[in-house]
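Coordinate analysis (summary)
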Amino acid sequence: MNDNLLVDSLQQHLEDKRVQKAIEVQSDIRAYLGEFFRKHGFIEVPPVIISPITDPLNHPVLDPSIDYYGMKYGLTKSMIFHKQILAKELGSIFTFSPNIRLETPEKEKTGRHLSEFTQIDVEKRGASREEMMGLVEDLMVGLTQHMNSERASDLKFLRRKLNVPSRPFKKFRFLDAEKEYGKDFESILSGRMKDPFWIIDIPLENREFYDRESDSEPGILEDMDLIYPEGFGEGLSGGEREFLEERIRERIKRKGQSEEQFKWILAYSSKGLAPSAGFGIGIERLTRYICGLQRIEDTHPFPKIPGKLSL
Ligand code: AMP
Ligand code: MG
């Protein structure tokens, strides 16, 4: 893109009143989230930006690395391993974690992928998946109430009617939903539902090695996705974690991944990680849902759109 066009389009974006409102609402969402987790006994920790260990993800992204005088660092795709380590030492933690995932260009079409975004990433030592799901349900109910009372004029400007969901949220088991609605079950259900809902018990091949495999149902993970209604799609992923060295090693092997890549996490687990559960919520996707926006780039002042050069 020509330099002037790039600058003009950024200026147009930043002058768009909807974008300005979304950024303001997002500031409030961040404050609400921080306060919510602190109130529930979670300690805020600083984010990790570069590290030799990061999330392998379960889908292809470009994988840049930094060679720093012979030391090889990656850019954080998620802080999953740092969270596990911190949960062991500190108990309950959260962080606003910038993630770089150089998504492939076709992801631009989804309206919910950026190459740079922020997760509020949460982990708790000794927690079960169900405890964490309960916490998220409380959060979503409280946040939507807060938005409807404190941000009514912004939501009106954005023509957004935000439903306050009731607890407990509906749960669909992955394989049951797939059987009933076919491969595209997530977007079909997201389009039909009026309130956020859960997809749970995700088969092992669909997820990374660090989510805990069920003891009673081999091949099924103790994990969950929160799906926003009205077609907004996935907003959160999480679960219980594997923490025993031998089980982590075995899961890396079953994924066809190399032990070398995860030697640090294997070394740490050999000294003993603790059982924990947690999740990550994409701040921009949450803002998109709260504001009822078509496209995720309207939630970010400097959106990195897959396949496009952005400032
Ligand atoms: P994951 O554990 O990979 O599901 O990521 C956790 C959360 O981060 C997701 O549920 C989304 O809310 C958010 N997220 C993941 N990838 C992206 C992306 N490319 N752009 C924006 N948000 C994302
Ligand atoms: Mg996910």
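Scroll up for the structure.
Presented here is an overview of the structure given in this document. (Residues numbered from 1 in each chain as written. Chains lettered and ligands numbered in written order. Predicted model: local features only at pLDDT ≥ 70, side-chain atom pairs only at ≥ 80, totals over all residues. Heavy atoms only, no water.)

**Digging into the sheet that holds strand E10 (residues 233-240)**
Strand order in this open sheet of 8 strands is E1-E5-E6-E11-E10-E9-E8-E7, and the pairing throughout is mixed. Bordering the open sheet on either side are strand E1 (43-44) and strand E7 (171-173), each of which pairs with just one other strand. The sheet contact formed by strand E9 (residues 223-228) and E10 spans 6 bridges and is antiparallel. Bridge pairing links Leu226 to Leu236 in E10. Of the strands in this sheet, strand E5 (92-100), strand E6 (116-125), E9, E10 and strand E11 (276-282) are in contact with helix H10 (residues 283-291), which crosses E11 at around 60°. (Pairing = 2+ DSSP bridges. Helix = DSSP H or I, 4+ residues; strand = E, 2+ residues; numbered from the N terminus. Contact = heavy atoms within 4.5 Å. Axes fitted to C-alpha atoms, helices over the stretch in contact; angles between N-to-C directions.)

**Points about the site of ligand 1**
Within the structure, ligand 1 sits among 15 residues, and Arg101, Glu103, Leu114, Glu234 and Gly235 are positioned closest to it. Backbone polar atom of Leu114 to a nitrogen atom of ligand 1: 2.8 Å apart, as the coordinates give it. Between a nitrogen atom of ligand 1 and a side-chain N or O atom of Arg285, the distance comes to 3.5 Å. Calculation on ligand 1 without its partners gives an accessible area of 480 Å², and the protein chains cover 91% of this total. The set of elements that each furnish at least two residues to the shell around ligand 1 consists of E6, E10 and E11. (Near = heavy atom within 4 Å. Polar contact = N/O pair within 3.5 Å; in protein donor to acceptor, adjacent residues only side chain to side chain. Areas by Shrake-Rupley, 256 points an atom, 1.4 Å probe, with all protein chains shown as cover.)

**Here we look at the coordination of the magnesium ion (ligand 2)**
Of the protein atoms, only Glu234 (OE), Glu234 (OE) and Ser237 (OG) coordinate the magnesium ion (ligand 2), at distances of 2.1 to 2.8 Å. Among the residues examined, Ser237 registers a relative accessible area of 27% and is labelled partly exposed. (Donors = N, O, S within 2.8 Å, 3.2 Å for Na, K, Ca; no water. Buried < 20%, exposed > 50% of the residue type's maximum accessible area, 1.4 Å probe, protein only.)

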